[in-house]
Amino acid sequence: MNFHKNTIALGLLGAALSVTSLSTFAAKNAEPKPLLSPEVVNVYKAPAGLVISESQKKKVIKAVEKASEGWREAFNKGDAKAAASFYEEDSVTTAIPFGIYMGEDAAEGLWEYIIGSGFKNVEYMNTKIEVISSDAAVLSASWKMNKAYGVITKELWVLQEDGTAKLRVDDFEVVGSK
């Protein structure tokens, strides 16, 4: 891990991912509940009257599902570099309560720290994908892993020139620890 990535990720995370710190944010058996209001989340919904063909919607959804699954596989294999490869170069990750991370390198540093702290086996539940344009969709879900659980309030996936999807925005919250 290079110094730049390490500094970006560790500067804000510190020891926040320890089970002790996580337990201060929610009771162990609390249901995941987003900290962001529905009004904030609704900003990323498709505008009223937007017409996208069914074939284009299917194309976007297929690319997002494939990329999201690829990210989870990379994370669960402990490969932070591969997980970060699913982010656009200028992406923004907001990881509540840890901080904001700008760019693919910062995302890699974040995932290196989290994986290195023993977090693994992420699963998504109640996943919803809403196509918001002919080349983008928002994914939201609840998630759990071996040491924590939470919510994804917004993963904004954008189709690239090669037809794959990458994360432009990744907003998630740790709600509690296990």
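It should be emphasised that the depicted structure is a prediction, and the values quoted were computed from it without experimental measurement.

A. The arrangement of the overall build of the protein in detail. Across its full length, the protein holds 6 helices and 6 strands. Listing each helix as α and each strand as β along the protein from the N terminus yields α-α-α-α-α-β-β-α-β-β-β-β. A burial count over the protein gives 42% of its 178 residues as buried. Looking at the protein as shown, the accessible area adds up to about 9,200 Å², and 55% of this sits on carbon and sulfur atoms.

B. Layout of the side chain of E88. On the secondary structure map, E88 appears in strand β1 (residues 87-96). Once residues within four sequence positions are removed from consideration, E88 is found in contact with G103, E104, V158, Q160, K166, L167 and R168.

C. Geometry of the nonpolar core. Formed by 38 residues in total, the largest nonpolar core has its most connected members in W71, F75, W111, Y124, W143 and W157. Secondary-structure elements contributing two or more residues to this core are α4 (54-76), α5 (80-84), β1, α6 (104-116), β3 (123-133), β4 (136-144), β5 (148-159) and β6 (165-177). Broken down by element, this core gets its largest block of residues, 7 residues, from α4. Those residues in contact with W111 that sit more than four places away from it in its chain are W71, F75, A80, A83, Y87, D170 and F172.

The rules behind the values
- Sequence order as written defines residue numbering, which begins from 1 separately in each chain.
- Local features are withheld for residues below a pLDDT of 70 in this predicted model, meaning they are given only at 70 or higher, and side-chain atom pairs are given and counted only at 80 or more; totals for whole chains, interfaces and linings count all residues.
- Neither water nor hydrogens contribute to the side-chain values; these are computed over all heavy atoms in the structure.
- Note on conventions: DSSP H or I runs of at least 4 residues are helices, E runs of at least 2 residues are strands, and numbering of each starts at the N terminus.
- When a residue's accessible area, from a 1.4 Å probe over protein chains only, is under 20% of the maximum for its type it is buried; when over 50% it is exposed; and in between it is partly exposed.
- Accessible surface is estimated by sampling points in the Shrake-Rupley manner with a 1.4 Å probe; for residues, cover comes only from the protein chains shown.
- By definition in these notes, contact holds between two residues if any of their heavy atoms fall within 4.5 Å.
- Residues belong to one nonpolar core when they are buried, are Ala, Val, Leu, Ile, Met, Phe, Trp, Tyr or Cys, and are joined through side-chain atoms within 4.5 Å.

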